[in-house]
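Fold and contact review
Chain residues, written in single-letter form:
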Amino acid sequence: MALGRKNYLFVGSEAGGKAAAIAYTLIETAKLNAIDPHVWLADTLARIPDYKITKVDDLLPWKWRG
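Residues numbered from 1 in each chain as written. Predicted model: local features only at pLDDT ≥ 70, side-chain atom pairs only at ≥ 80, totals over all residues. Heavy atoms only, no water.

Here we take up a nonpolar patch on the surface. Taken together, the side chains of Leu-41, Leu-45 and Ile-48 define a hydrophobic patch exposed on the protein surface, amounting to about 260 Å² of accessible area. By the element assignment, Ile-48 lies in the segment after helix H3 (37–47). (Patch = residues over 30% accessible without salt bridge, like charges linked within 9 Å, V, L, I, M, F, W, Y side chains within 5 Å. Areas by Shrake-Rupley, 256 points an atom, 1.4 Å probe, with all protein chains shown as cover. Salt bridge = Lys/Arg side-chain N within 4 Å of Asp/Glu carboxyl O. Helix = DSSP H or I, 4+ residues; strand = E, 2+ residues; numbered from the N terminus.)

Taking 1.5 Å of rise per residue, 19 residues should cover 27 Å, and helix H2 (residues 14–32) covers 27 Å from first to last C-alpha, within 8% of that figure. When we look at burial in H2, the residues that qualify are Ala-20, Thr-29 and Ala-30. Of the surrounding elements, those touching the buried residues of H2 are H3. Positive backbone phi, at 60°, marks Ala-34, one or two positions downstream of H2. (Expected span 1.5 Å × (residues − 1). Buried < 20%, exposed > 50% of the residue type's maximum accessible area, 1.4 Å probe, protein only. Contact = heavy atoms within 4.5 Å.)

Mapped onto this structure's residue numbering, the UniProt feature "domain: Transposase IS66 C-terminal" (unreviewed entry) falls at residues 25–62. Between the C-alpha atoms that bound residues 25–62 there is a distance of 12 Å. The span itself is 50% helix and 0% strand. (UniProt positions renumbered as here; feature names shortened; annotations may be inferred.)

This brings us to the pattern of salt bridges. Within the structure shown, the criterion is met by two salt bridges. Between Glu-28 and Lys-31 there is a salt bridge whose closest N-O contact spans 3.2 Å. On the criterion of helical spacing, the pair formed by Glu-28 and Lys-31 is a turn pair, its members being three residues apart in helix H2. What makes Glu-28 partly exposed here is its relative accessible area of 41%. A residue is classified by how much of its surface remains accessible, and Lys-31, at 48% relative accessible area, is partly exposed. Close ionic contact of Asp-43 with Arg-47 constitutes a salt bridge, the shortest N to O distance being 3.5 Å. One end of the pair, Asp-43, and the other, Arg-47, are both in helix H3, four residues apart, so they sit about a helical turn from each other. Asp-43 gets classed as partly exposed once you look at its relative accessible area, which sits at 21%. Exposure remark for Arg-47: the relative accessible area of 33% places this residue in the partly exposed category.

Laid out in structure tokens, this is it:
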């Protein structure tokens, strides 16, 4: 935790900090749902270009079924 706090000082901007917080939250949520974050993220990033915007919630870690 202390190392993380030190690293967060260098995110670059408020927008960068928010983006990092979103990424950390999604990764930790995947872990809490017994999903490998690397597999989930790779699958999600591959699907995004062709995915309907109205269905994007289905890609969130707690709804994802690989």
